[in-house]
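Coordinate analysis (summary)
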Amino acid sequence: MPIEMAPVGILLLGALIAAVVPARIAALTTLITPLAAAWAALTLLKPGSTATWSIMAYQLEPVRADHFSLVMVGLFLFAALAAALYGLGIRDRLQHASLLLYIAGGTGAVLAGDMISFFVFFELIGLGGTLLVLAARTPEASAAAVRYLVFQVTAGLTLLAGILTVASSSGDWSFRAMDLQESGAWLMMLAFGIKAGIPLLHGWIVDAYPKASLIGLAVLVAVTTKVGIYGLAHVFAGEGILVGVGTVMALWPLFYTLVENDLKRVVAYAMLVQLGLMVAGVGVGSAIALDGVAMHIVMDVLFKMTLFMALGVVLLRVGTTRADRLGGLWRHMPLTTTFVAVAVAANVALPLTGGFISKKTLLAGIEYGEVPVVVWAVLVSLSAMGTLYAGVRVLWEGFLKPPGSRQPASIDDAPAPMAAAMGLLVVALLLTGTVPGLTDWLRPQASDYTPLYAGKIIGHMQMLLFSLAAYVLLVRAGFGLPRSRPATWLDAEWLYRRALPTIAGVARRALISLRNRALQIIGRMSTPGHGRVSATLERSWPIGLMGLWAAALLAALLLFGIRSA
Amino acid sequence: MIERLRKHAPWLLIGACAVLAVVGLFFRADSGPESWPLFYPILGSLAVIVPVALVRLLAPVLRMGGEDKHAD
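Some remarks on the overall build of chain A
Counting secondary structure elements, chain A contains 22 helices and two strands. Its C-alpha atoms give chain A principal-axis dimensions of about 95 × 60 × 55 Å. The burial tally for chain A puts 54% of its 565 residues in the buried class. For chain A, restricting intrachain contacts to residue pairs at least 6 apart in sequence, the fraction spanning at least 24 positions comes to 79%.

Comments concerning helix H4 (residues 93–111) of chain A
Taking 1.5 Å per residue as the helical rise, H4 of chain A with its 19 residues ought to reach 27 Å, and the 27 Å between its terminal C-alpha atoms agrees with that figure. Within H4 of chain A, 18 of the 19 residues are buried, which leaves it mostly tucked inside the rest of the structure.

Some thoughts on the packing of helix H1 (residues 6–20) of chain A against H4 of chain A
When two helices pack together, their arrangement is given by the angle between their axes and by how far apart the axes lie. Residues and elements named next belong to chain A. For the pair H1 and H4, the least separation of the axes is 8 Å and the interaxial angle reads 165°. Here H4 runs roughly antiparallel to H1, going by the angle between their axes. In the packing of H1 onto H4, the handedness of the crossing is left-handed. For the pair H1 and H4, contact is made by Pro7, Val8, Leu11, Leu12, Gly14, Ala15, Ala18 and Ala19 and by Arg93, His96, Ala97, Leu100, Leu101, Ile103, Ala104, Thr107 and Gly108, respectively. Across the contact of H1 with H4, the residue classes tally to 12 nonpolar, four polar and one charged.

Quick notes on the packing of helix H3 (residues 67–86) of chain A against helix H13 (residues 287–318) of chain A
Residue and element names in this part refer to chain A. Taken N-terminus to C-terminus, the directions of H3 and H13 make an angle of 10°; their axes are 10 Å apart at the nearest point. The angle between the axes of H3 and H13 places the two elements in the roughly parallel class. Here Phe68, Val71, Leu75, Ala79, Ala82 and Tyr86 of H3 come into contact with H13, specifically with Ala294, Ile297, Val298, Val301, Met305 and Met309. Among the residues forming the contact of H3 with H13, the class breakdown is 12 nonpolar, no polar and no charged.

A short note on the pairing of strand S1 (residues 50–55) of chain A
Residue and element names in this part refer to chain A. For S1 and strand S2 (residues 58–64), the ladder comprises five bridges, and the chain directions are antiparallel. Within S2, the position partnered with Trp53 by the bridge is Leu60. From the end of S1 to the start of S2, which pair antiparallel, there are two residues, and Met56 there has a positive phi angle of about 50°.

Describing the domain arrangement of chain A
Where the parts come together, the accessible area they lose is often given as the size of the interface. All names here are of chain A. You can read the domains of chain A as domain 1 (1–236) and domain 2 (239–496). Taking only C-alpha atoms, the centre of domain 1 and the centre of domain 2 are 24 Å apart. The partner domain 2 presents 41 residues to the 34 residues of domain 1 that form the contact. Contributing elements (two or more residues each) for the side of domain 1 that touches domain 2: H3, helix H8 (203–208) and helix H9 (214–236). By residue number, the principal contributor to the side of domain 1 that touches domain 2 is H9, which donates 11 residues.

What about the interface of chain A and chain B?
The partner chain B presents 43 residues to the 47 residues of chain A that form the contact. Those elements giving two or more residues to the side of chain A that touches chain B turn out to be helix H11 (254–259), helix H17 (373–380), helix H18 (382–400) and helix H20 (454–476) of chain A. Per element, the largest residue contribution to the side of chain A that touches chain B is 18 residues, and it comes from H20 of chain A. When its residues are assigned to classes, the side of chain A that touches chain B shows 33 nonpolar, 10 polar and four charged.

Some details on the nonpolar core
Residue and element names in this part refer to chain A. Membership of the largest hydrophobic core comes to 212 residues, with the highest contact counts inside it found for Ala79, Ile229, Val279 and Met305. Top element by residues in this core is H13. It accounts for 21 residues. No fewer than three residues from each of domain 1 (1–236) and domain 2 (239–496) sit in this core. Contacts of Ile229, omitting those with residues within four sequence positions, involve Ala196, Leu275, Met278, Val279, Val282, Val293 and Ile297.

A few points about unusual backbone geometry
All names here are of chain A. Within the chain, Arg137 stands out as a residue other than glycine whose phi angle is a positive 55°. Inspection of the secondary structure assignment puts Arg137 in the loop between helix H5 (115–134) and helix H6 (139–170). The class for Arg137 is exposed, based on 11 C-beta atoms found within 10 Å. The backbone of Leu200 sits at a positive phi, close to 80°, despite the residue not being glycine.

With respect to the confidence of the model for chain B
Residues with a pLDDT of 70 or more make up 88% of chain B, whose mean pLDDT is 84. Of the two predicted TM-score estimates for the complex, the pTM is 0.88 and the ipTM is 0.90.

Brief notes about H5 of chain A
For H5 of chain A, with 20 residues, the first-to-last C-alpha span of 29 Å sits near the 28 Å given by 1.5 Å per residue. Of all the 20 residues making up H5 of chain A, 16 are buried; the element is thus mostly covered by neighbouring parts of the structure.

Examining the environment of Gly89 of chain A
Residue and element names in this part refer to chain A. As for its position among the elements, Gly89 is in the loop between H3 and H4. Between the C-alpha atom of Gly89 and that of Val284, which follows or precedes it by 195 residues, the distance is 44 Å. Apart from the residues within four sequence positions on either side, Gly89 is in contact with Pro415 and Pro417.

Some thoughts on the environment of Met463 of chain A
Among the structural elements, Met463 of chain A can be located in helix H20. The class for Met463 of chain A is buried, based on 27 C-beta atoms found within 10 Å. Taking the C-alpha atoms as reference points, Met463 of chain A and Val340 of chain A, 123 residues apart in sequence, are found 21 Å from one another. Not counting the four nearest positions on each side in its chain, Met463 of chain A is found in contact with Ser383 and Ala384 of chain A together with Tyr40, Leu43 and Gly44 of chain B.

Some remarks on the environment of Gly328 of chain A
Residues and elements named next belong to chain A. With respect to the helices, strands and loops of the structure, Gly328 is situated in the loop between H13 and helix H14 (329–332). In this structure Gly328 comes out as partly exposed when scored by C-beta crowding, with 17 C-beta atoms within 10 Å. Distance in space between the C-alpha atoms of Gly328 and Gly398 is 7.4 Å, their sequence separation being 70 residues. Ignoring anything within four residues of it in the chain, the contact list for Gly328 reads Lys401, Pro402 and Pro403.

Analysis parameters
- Residues numbered from 1 in each chain as written.
- Chains lettered and ligands numbered in written order.
- Predicted model: local features only at pLDDT ≥ 70, side-chain atom pairs only at ≥ 80, totals over all residues.
- Helix = DSSP H or I, 4+ residues; strand = E, 2+ residues; numbered from the N terminus.
- Buried ≥ 20, exposed ≤ 12 C-beta atoms within 10 Å, placed from the backbone.
- Contact = placed C-beta atoms within 7 Å.
- Expected span 1.5 Å × (residues − 1).
- Axes fitted to C-alpha atoms, helices over the stretch in contact; angles between N-to-C directions.
- Parallel < 35°, antiparallel > 145°, perpendicular 65-115°, else oblique.
- Left-handed = near helix turned anticlockwise from the far one by under 90°.
- Nonpolar A, V, L, I, M, F, W, Y, C, P; charged D, E, K, R; others polar.
- Pairing = 2+ DSSP bridges.
- Domains from an automatic or database assignment.
- Core = buried A, V, L, I, M, F, W, Y, C linked by C-beta atoms within 7 Å.
- pLDDT = per-residue confidence, 0-100.

Written as structure tokens, this is what we have:
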């Protein structure tokens, strides 16, 4: 194995150690491993670093680092460190080992220079993620883990089919930019799309993430979908179809962010909104848009991890994350409430947070691209909609509104390691939003756009404040959001949970009926009937009639052949 | 403090909106939709009114009822 693979190797070794040592040492191992991997990455990798590895007849290139892949490596290792800190008090080897395996998969995938290496790590992400869900050890989590695995394997097989088609037609195994005219490229785009959670194929995210183990809840948001976005940006940047896909992807989940009762599911749907924005940015493909995508990947991981971690703390302390049973937590959990407030501020791209820089850069890239102004305006307004789903639903309903009736009398704030992990993420969000130039390293295309000027900031603040004022007036007028209550909401999963089984059942019944009918007809033809001389198949057929049938068949074949030619 | 803030929030918000709407007039872009005086205020208001209206319209259709089998 080439030395440049050391960061991935360290993570895999850490996972192996965490899986076999006592749980307390596993937690420490998980904390130390990302630091060691980061040290190795800083020492060995820089833009342009490559490494090759000959296996059998293949010349693999497991490392071909560029600026974008190094941003992703840094992000994954930072996320691993935060998640490991969050889980420092959790005595569960499976969660710790799975975390490192998951991060190793993500790190390997973004460093891969050839399609075989990418595929291997792409699958490793799926395996690590499945184990993180499974580690919750509840029947619901086990079922969700199986569904998660089904989607990961489907994405993997689709990717493999695409890779084999592309490589067999071009003879090139390198992981490179392609256009959709290349045979097999569509399959690769679909595989990345499944990982990124494109509409109709996004159900696994809101299904599995909220049911994952505590460490899984904290870290799953960081890798799987982001590698999907990375794959799209690396291979299909500038493909116009992605602008449409991304816009639908950003708008589709909005309804569910406003009605779901479980706040974990609200945040999972909210993540899909941000992913849609990124996919649209990839579709534009300009330098500013791609820099915006890279920065927004980082910021989205920071604020979504904070929100999921906070909800994990709420689950730990209160025993539920259902909106109808929460409220008033700011009195008991001031620190966690503060972290959530900063994460929500970053989510709605409030100035002085990293979310403002990343989202405004991404939207500027979309604005300067060949995108209809209506689409751009809708994507811009997503921040204002964020005041509803992040501000009203998560911050207000979860923490600020008058408390629910079934809450325990005494609730502690987050345990120290969990608070430290959320604090780490929040500090990163604030620093990237306030220290000039700190986000420059996150721009792979080195564009020099900055949203930090008065017109942009005032315009954005106008939008946020008017959206809040509009909602307050709606509530006063009795037209606010419906009261949160337990319910199951139909989403795209209806297609494969209800529609497909129904269609399959109808088709099965039709086939059975057809078979029975055919058997009846054959039975009538072959069995001597009561009072009949003979059955149809027992009769002698005249040679002339047989010849006529043969001629008709040959004529049909001839016609078919002419049409095909 | 939260209670007092909650009580006066609507008026604080409306006041802040009015101030920002006036200040925004002096910092508009030279061209494009961002140069329209009320572009962001209208966009922000619509971004809340339309989704809330949609939720109130679609919620009865898309709600399956029963227990929330996903939670916790």
